[in-house]
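# Results of the structural survey
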Amino acid sequence: MKVLVCGGAGYIGSHMVRRLIQDGVDTVVFDNLSTGHRESVGGASFVQGDLLASSQLRELLSQGRFDAVMHFCARSLVGESVQQPYAYYENNVVGTLNLLQAMREAGVGKLVFSSTAAVFGQPEADLIDEAHPTRPINPYGASKRMVETILEDAARAHGLRSVALRYFNAAGASPEGDIGESHSPETHLIPNMLRAANGDAPTLKVFGNDYATPDGTCVRDYVHVDDLADAHSRALDFMTSNDGAHAFNLGNGAGFSVMQMIDAAGQVAKRPIPFEIAPRRQGDPDRLVASSAKARRELGWQPRYTEIADIIETAWRWHRNPRY
Ligand code: UFG
């Protein structure tokens, strides 16, 4: 089996690359290193390139004899997407179209696509399953939903097999502590909490404490990055016997508020997380929690990290000694 991992040097992609290599899959990483890190993919075969430079991609795919593609490349910040919609549609939609066309020319017929909880927009249920309406409320979510639609059309027109995996909040790091989450600037809660605990970042700002949740802070569903990688491996197997375009929600099914996360992180780090209450961040829904019943049923997926402390512990190992 040979797999091209687009965006394999990013946070989730690098954990996927490690898993594929452990499974003995012939793995090639394609990444423009705009947010990814060359160090994060170790000895994997690496091609630096951009989905928007389609001739290079076409050549790689036409010569690579790949069985499938995993596609993690994206701009993924909600707030930034509101400020720079063209950049989001260009990278996330045009870039993916280039990839799909190159795959078609090369006869590569299977794709696992990184989608997001942001395709749902304002949540209308406590547990969001795949039947929940998809009405994205920002360009990031819209760009991912557009690609899902393109994949549905590609299945009908060209027989492309695909699985869109809608991550809720990706969290944690490799238990070995040698790869992990590293963004600049960092906007995500867990890295910001742990870096504040370390003294590597300023006091954590809690964005709003007047939401309609038990303690007023936003509730999210944190799922370990290695569990996400496991779902991708299962999605590859799934496409062997299932044609068409499929989508699965991936989360633990348990919600934690920002204040609960601060408590849990303080226990893991064995020191209090310095924080202050700040105004709401634009575009944050009160609560986003997944029902992953479909992934459990159809992919046989079962997250191994079910305790929030264990997820944070792996992130803490990384943030105490980040390599990049
Ligand atoms: N938060 C803080 N302080 C911080 C960082 C985050 O209070 O310094 C809060 C946020 O307001 C939010 C929660 O912590 O309530 C989690 O925030 P993250 O930035 O870690 O993650 P998001 O929930 O914003 O992002 C997730 C997915 C996105 C998806 C988005 C949809 O990572 O892919 O949900 O709303 F688009």
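Above this text sits the structure in question.
Residues numbered from 1 in each chain as written. Predicted model: local features only at pLDDT ≥ 70, side-chain atom pairs only at ≥ 80, totals over all residues. Heavy atoms only, no water.

## Examining the packing of aromatic side chains
- Summed over all chains, the structure comprises four aromatic pairs.
- Residues Tyr88 and Tyr140 carry aromatic rings whose centres are separated by 6.4 Å and whose planes lie at 85 degrees to one another, so their mutual orientation is edge-to-face. In this pair, Tyr88 is assigned in helix H4 (residues 85-106) and Tyr140 in helix H5 (residues 139-158), connecting sequence segments 52 residues apart. Of the two residues examined, Tyr88 and Tyr140, each falls in the buried class.
- One Lys or Arg, Arg280, reaches over the ring of Tyr211 and ends 3.9 Å from the middle of that ring.
- Looking at Lys294, its charged tip hangs above the ring of Phe248, at a distance of 4.6 Å from the centre. (Phe/Tyr/Trp six-rings, centres within 6.5 Å; stacked < 30°, edge-to-face > 60°. Helix = DSSP H or I, 4+ residues; strand = E, 2+ residues; numbered from the N terminus. Buried < 20%, exposed > 50% of the residue type's maximum accessible area, 1.4 Å probe, protein only. Lys NZ or Arg CZ within 6 Å of the ring centre and 35° of its normal.)

## Details of the sheet that holds strand S11 (residues 245-250)
- In spatial order, the strands read S3-S2-S1-S4-S5-S6-S11; together these seven strands make up an open sheet with parallel pairing. Looking at which strands have only one partner, the edges of the open sheet turn out to be strand S3 (45-48) and S11. Averaged over all pairs of adjacent strands, the angle between strand axes in this sheet comes to 20 degrees, irrespective of strand direction.
- Judged from the six bridges that link them, strand S6 (residues 161-167) and S11 form a sheet pairing that is parallel. The residue bridging Val163 from the neighbouring strand is His246, located in S11.
- Sheet strands in contact with helix H1 (residues 11-22) are strand S1 (2-6), strand S2 (26-31), strand S4 (68-71) and S6, and its direction is about 165 degrees off that of S2.
- Relative to the sheet, H5 contacts strand S5 (110-116), S6 and S11, its axis offset from that of S5 by approximately 155 degrees. (Pairing = 2+ DSSP bridges. Axes fitted to C-alpha atoms, helices over the stretch in contact; angles between N-to-C directions. Contact = heavy atoms within 4.5 Å.)

## What to know about unusual backbone geometry
- Here the amide bond leading from Ser184 into Pro185 is cis, since omega sits at 0 degrees, within 30 degrees of zero.
- Mapped onto the elements, Pro185 comes out in the loop between strand S7 (169-171) and helix H6 (189-198).
- Not every positive phi belongs to a glycine, and Leu33 is a case in point at roughly 60 degrees.
- Along the polypeptide, Leu33 turns up in the loop between S2 and S3.
- A positive phi angle, near 55 degrees, is found at Lys270, a position not held by glycine.
- Topologically, Lys270 is positioned in the loop between helix H8 (258-269) and strand S13 (275-278).
- Since its relative accessible area comes to 72%, Lys270 is described here as exposed.

## Regarding the sheet that holds strand S14 (residues 287-288)
- Pairing is mixed in the open sheet, where three strands are placed in the order S12-S9-S14. Since the sheet does not close on itself, it has two edges, and those belong to strand S12 (256-257) and S14, each with one partner.
- Both strand S9 (residues 219-220) and S14 contribute to a ladder of two bridges, which runs parallel. By the bridge assignment for S14, Arg220 is matched with Leu288.

## Some details on the site of the ligand
- Near the ligand there are 22 residues, and of these Leu189, Lys205, Arg220, Arg281 and Asp284 occur at the shortest range.
- Backbone polar atom of Lys205 to a nitrogen atom of the ligand: 2.7 Å apart, as the coordinates give it.
- Taking Arg220, its side chain carries an N or O atom lying 2.7 Å from an oxygen atom of the ligand.
- For the ligand, whose free accessible area comes to 680 Å², the fraction covered by protein is 92%.
- Listing elements by their share of the shell around the ligand, those giving two or more residues are H6 and strand S8 (204-207). (Near = heavy atom within 4 Å. Polar contact = N/O pair within 3.5 Å; in protein donor to acceptor, adjacent residues only side chain to side chain. Areas by Shrake-Rupley, 256 points an atom, 1.4 Å probe, with all protein chains shown as cover.)

## Overview of the pattern of salt bridges
- All told, the structure shown has 19 salt bridges when counted by the stated rule.
- Between Arg145 and Glu148 there is a salt bridge, with its nearest N and O atoms 2.7 Å apart. Of the two residues, Arg145 and Glu148 both sit in helix H5, three residues apart, roughly one turn of that helix.
- A relative accessible area of 19% means that Arg145 is categorised as buried.
- Residue classification places Glu148 among the buried positions, given a relative accessible area of 3%.
- Residues Asp284 and Arg220 are paired through a salt bridge, measuring 3.8 Å at the closest nitrogen-oxygen approach. With a gap of 64 residues between them, Asp284 in the loop between S13 and S14 and Arg220 in strand S9 connect regions that are remote in the sequence. No difference in accessibility class separates Asp284 from Arg220, as the two residues are buried.
- Three or more residues are tied together by salt bridges with common partners; here these are Arg19, Asp23, Asp230 and Arg234. (Salt bridge = Lys/Arg side-chain N within 4 Å of Asp/Glu carboxyl O.)

Function cannot be read off these values alone, since they describe shape.
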